[in-house]
Amino acid sequence: LIAAYIKDQENAAPCARGGAVNTQPIDEQKAAGNYAKGHVKIHGLDISIENQKGSERSGTGSDGKKWSVKMPHHYGYIKGTVGKDGDQIDCFIGPNEKSKRVYVIDQKNDAGGFDEHKCLLQFSDRSEATKAYKDSFSDKKNRVMKVTRLSVPEFKEWLKHGNTKRPVERVV
């Protein structure tokens, strides 16, 4: 555990937004989620950055094949949320800090059913958000089931009162 902590500190790189991020966590750290992450507040939401823009994200797919991709944008999760997979809801952070829109992608699994959400904050429009999402995968599979554009208040309402374990529906 101490060796993992030391490695965590050695591999921490400054993040342009929110502190240092360990750019090379070991597999055990990835599984446990206990490595250095950046932390930012966007629209009042607490976000942990797991992979900063330009870093390499890697893993092993369900087919047993290793994959890696250079992240085009910061990627992490919204703290205090729970998605369909039981983890906190994933998000990408774009370059437009003035954007008041959030794009929520209902990601599909290999069978074509709903897998989980990917939320895109600070993107100017749907096409920019969708491209950022697609560019974050090295295999170029089409994982987009649906893209829903929400205002920041609608998004917060969905996080608080919506069913985050099913495809997005507006909360009234």
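What you are looking at is a predicted structure, and each value in this text was computed from that prediction instead of being measured.

A closer look at the packing of aromatic side chains
Then step 1. Within the structure shown, the criterion is met by four aromatic pairs.
Then step 2. The interplanar angle of 55 degrees and the centroid separation of 4.8 Å between the aromatic rings of tyrosine 75 and phenylalanine 92 together place this pair among those described as tilted. A residue pair is termed long-range when its members are at least 10 positions apart, and tyrosine 75 in strand E7 (residues 74-78) and phenylalanine 92 in strand E8 (residues 89-93) qualify at 17 residues.
Then step 3. Measuring from centroid to centroid gives 6.3 Å for phenylalanine 92 and tyrosine 133, while their planes differ by 85 degrees, and the two rings are edge-to-face. Here tyrosine 133 lies in helix H3 (residues 126-134) and phenylalanine 92 lies in strand E8, a separation of 41 residues in the sequence.

Examining the confidence of the model for the chain
Predicted coordinates in areas of low pLDDT are best not read in detail.
Then step 1. Per-chain confidence: the chain averages 84 in pLDDT, with 78% of residues scoring 70 or above.
Then step 2. Segment residues 1-15: pLDDT under 50, and 29 contacts once partners within four positions in sequence are set aside and those in other chains are kept.

Quick word on the nonpolar core
Then step 1. Residues Ile47, Ile78, Val104, Cys119, Phe155, Trp158 and Leu159 are the most contacted members of the largest nonpolar core, which totals 19 residues.
Then step 2. Taken together, the elements giving at least two residues each to this core come down to strand E3 (38-42), strand E4 (45-51), E8, strand E9 (101-108), strand E10 (114-121) and helix H4 (152-161).
Then step 3. Setting aside its immediate chain neighbours within four residues, valine 104 contacts His117, Lys118, Cys119, Lys146, Val147, Thr148, Leu150, Phe155, Trp158 and Val168.

Some points on the layout of surface pockets
Then step 1. One number sums up the size of the second largest pocket: a volume of about 150 Å³.
Then step 2. Lining the second largest pocket we find Leu45, Ile78, Lys79, Gly80, Thr81, Val82, Ile89, Lys156, Leu159, Lys160, Gly162 and Thr164.
Then step 3. Looking at which element gives the most residues to the lining of the second largest pocket, the answer is H4, with three residues.
Then step 4. Among the residues forming the lining of the second largest pocket, the class breakdown is five nonpolar, four polar and three charged.

Quick word on the sheet that holds E7
Then step 1. Read across the sheet, seven strands follow the order E3-E4-E7-E8-E10-E9-E11 without closing on themselves; strand pairing throughout is mixed. Of all the strands in the sheet, the pair left with one neighbour each is E3 and strand E11 (144-151). Taking each pair of neighbouring strands and ignoring which way they run, the sheet shows an average axis angle of 30 degrees.
Then step 2. Where E9 meets E10, seven bridges bridge the pair, whose relative direction is antiparallel.

Conventions used here
- Residues numbered from 1 in each chain as written.
- Predicted model: local features only at pLDDT ≥ 70, side-chain atom pairs only at ≥ 80, totals over all residues.
- Heavy atoms only, no water.
- Phe/Tyr/Trp six-rings, centres within 6.5 Å; stacked < 30°, edge-to-face > 60°.
- Helix = DSSP H or I, 4+ residues; strand = E, 2+ residues; numbered from the N terminus.
- pLDDT = per-residue confidence, 0-100.
- Contact = heavy atoms within 4.5 Å.
- Core = buried A, V, L, I, M, F, W, Y, C linked by side-chain atoms within 4.5 Å.
- Buried < 20%, exposed > 50% of the residue type's maximum accessible area, 1.4 Å probe, protein only.
- 1 Å grid on protein atoms, 1.4 Å probe; cavity = no way out; pocket = protein on both sides within 12 Å on 5 of 7 lines; lining within 4 Å.
- Points joined across faces, edges and corners; volume = space filled by probe spheres on them.
- Nonpolar A, V, L, I, M, F, W, Y, C, P; charged D, E, K, R; others polar.
- Pairing = 2+ DSSP bridges.
- Axes fitted to C-alpha atoms, helices over the stretch in contact; angles between N-to-C directions.

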